[in-house]
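Listed below, chain by chain, are the residues.
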Amino acid sequence: MSKRILFLLLLTMLLSACGSNSSWEDEAVSEVSDRILADDVEAVWTLERNQASAAAAGTMIRLEIKKKDGGPIDAFDINHEKLLHLIVVSKDLSYFNHIHPEYKGNGVFEIVNDFPAGGEYRMIADFTPTGGDPMTKMAWVRVEGEQAKPVPVVPDETLEKTADGNRVKLAIDPLASKKELTLKFTIADEKTGKPVTDLEPYLGAIGHVVILTEDGERYLHVHADEGQGTGPEAVFETAFPKSGIYKIWGQFQRENKVFTASYVVRVP
Ligand SMILES: [Cu+2]
């Protein structure tokens, strides 16, 4: 009889132990550790020049995204209508391009870009691995070919620029570092001077704004205010991390065509 009681006791203990083991707490812990964090991910950049072309035009940009421990990443979430956004900027910030490489599978993205000259370029890729955080990976890459003379980055006296028949005025008031600021673009037709009211959504927002520090090292996050119309105003929020010179590119779309206006500002 004592043996039988002992057996039942052991059985009860085992069952209750199993019960506590499958608690939701353990599941939550494993979910956190499986999440793909930016620190665990690397981007490997390869540039391949088109040998048939004399210039840096037609250079293939290949970007492989994988885990630092060698594990693959093969699925990405669509963000702002694309799997991956790539910003390409020359070292002197005079050249800017915003492109969307084609996904080839196994974490590899490819696109051919017509670089204006050889030299160093900043690559900035924004993407979200499925089951991971939205992340940005940046690198300096070297493009073969003759280099262009660097253009100095000089703060603009007026923040009114023209781009593809549009006059784009930028107001940031007042400029300061370490503070959430509003960037307001006001767009008018260059010929008629009339306010532009036919802006089309671009990548799921009223526009897209990129800001880099003078040295190209830092990339600022800029958010478009939600629920904006079709012009003439487009409003964004950002914060400049420190005083210094920054370049700002504002991109908008009209009649299915994207135009880019750029500005250089000094943040006191
Ligand atoms: Cu994009």
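Shown above is the structure to which this text applies.
Notes on the structure in this doc start here. Here the structure is a predicted model, which means the values were calculated and not measured.

The protein atoms that coordinate the copper ion are H85 (ND1), H98 (NE2) and H100 (NE2), at distances of 1.9 to 2.0 Å. Each donor residue of the copper ion lies on one chain, and together they are spaced H-x12-H-x1-H. Placement of the pair is H85 in strand β3 (residues 84-90) and H100 in the loop between β4 (96-99) and β5 (102-105), with a sequence separation of 15 residues. For H100, a relative accessible area of 24% puts it in the partly exposed group.

What follows covers the nonpolar core. A general trend in soluble globular proteins is that nonpolar side chains are found buried together. Ranked by size, the top nonpolar core spans 27 residues in total, and within it W45, I61, I65, L86, V88, Y121 and M123 carry the most contacts. Contributions of two or more residues to this core are made by β1 (41-48), β2 (59-67), β3, β6 (108-113), β7 (119-127) and β8 (135-143). Not counting the four nearest positions on each side in its chain, M123 is found in contact with W45, I61, L86, I87, V88, F115, K137, M138, A139 and V141. By size, the runner-up hydrophobic cluster in this structure holds 26 residues, among which are F185, I206, V209 and A261.

On to the pattern of salt bridges. Tallied over the full model, the rule gives 10 salt bridges. Here E102 ties to K104 by a salt bridge, and the two come within 3.7 Å at their closest N and O atoms. We note a salt bridge from R254 to D189, for which the minimum N-O separation is 3.7 Å. Taken together, the positions of R254 in strand β17 (residues 244-254) and D189 in strand β11 (residues 180-189) put the pair 65 residues apart, joining distant regions of the chain. Residue classification places R254 among the buried positions, given a relative accessible area of 17%. Given the relative accessible area of 18%, D189 is considered buried. Counted as one network, the salt bridges with shared partners bring together D189, D198 and R254.

Our focus in this paragraph is the sheet that holds β5. An order of β1-β2-β6-β5 is seen for the 4 strands of this open sheet, with the pairing classed as antiparallel. Edge positions in the open sheet fall to β1 and β5, since each of these has one partner strand only. Ignoring which end each strand starts from, the neighbouring axes of this sheet average 25° apart. Sheet topology places β1 next to β2; 8 bridges connect them, and they run antiparallel. By the bridge assignment, L47 is partnered in β2 with I61.

Structurally, A171 can be placed in strand β10 (residues 166-172). The spatial distance from the C-alpha of A171 to the C-alpha of V235 is 9.7 Å, given a sequence separation of 64 residues. Residues contacting A171, with those up to four places away along its chain left out, are T182, L183 and K184.

Attention now goes to the pairing of β8. Residues of β8 alternate between two faces, with M135, K137, A139, V141 and V143 buried on one and T136, M138, W140 and R142 left unburied on the opposite face. By the bridge criterion, 9 bridges tie β7 to β8 in an arrangement that is antiparallel. The partner of G119 across the bridge, within β8, is V143.

What follows deals with the side chain of H85. The class of H85 is buried, set by a relative accessible area of 8%. Reaching out from H85, the side chain makes a polar contact with the side chain of H100 at a distance of 3.1 Å. Excluding its chain neighbours within four sequence positions, the residues that come into contact with H85 are N79, H80, H98, I99, H100, I124, A125, D126 and L203.

Once that is clear, we can look at the environment of G145. Mapped onto the secondary structure, G145 falls in the loop between β8 and β9 (160-163). For G145, a relative accessible area of 38% translates into the label partly exposed. A C-alpha to C-alpha distance of 9.4 Å links G145 and A57, two positions 88 residues apart in sequence.

Thresholds applied
Residue numbers restart at each chain and count upward from 1, following the sequence in its written direction. In view of the model being predicted, local features appear only for residues whose pLDDT reaches at least 70, and side-chain atom pairs are presented and counted only at 80 or more, with totals across whole chains, interfaces and linings using the full set of residues. Note that water and hydrogens are dropped before the side-chain values are worked out from all heavy atoms of the structure. Any N, O or S atom lying within 2.8 Å of the metal counts as a donor, and for Na, K and Ca the limit rises to 3.2 Å; water is left out, so some sites can look incomplete. Secondary structure elements are taken from DSSP: a helix is a run of H or I of four residues or more, a strand is a run of E of two residues or more, and numbering for both begins at the N terminus. The buried label applies to any residue whose accessible area, calculated with a 1.4 Å probe on protein chains only, is under 20% of its type's maximum; exposed applies above 50%, and partly exposed to all values in between. For this analysis, a nonpolar core means a set of buried residues of the types Ala, Val, Leu, Ile, Met, Phe, Trp, Tyr and Cys, connected via side-chain atoms within 4.5 Å. Pairs of residues are marked as contacts when any of their non-hydrogen atoms sit within 4.5 Å. Salt bridge, as used here, is a side-chain nitrogen of Lys or Arg placed within 4 Å of a carboxyl oxygen of Asp or Glu. Any two strands with at least two DSSP-identified bridges between them are counted as paired. Orientation is described by lines fitted to C-alpha atoms, with helices fitted over the stretch in contact, and by angles between N-to-C directions that extend from 0 to 180 degrees. Within 3.5 Å is the distance limit for a polar contact, defined as a pair of N or O atoms, with the added protein rule that one can donate a hydrogen and the other accept it, and that residues adjacent in sequence qualify only through two side-chain atoms.

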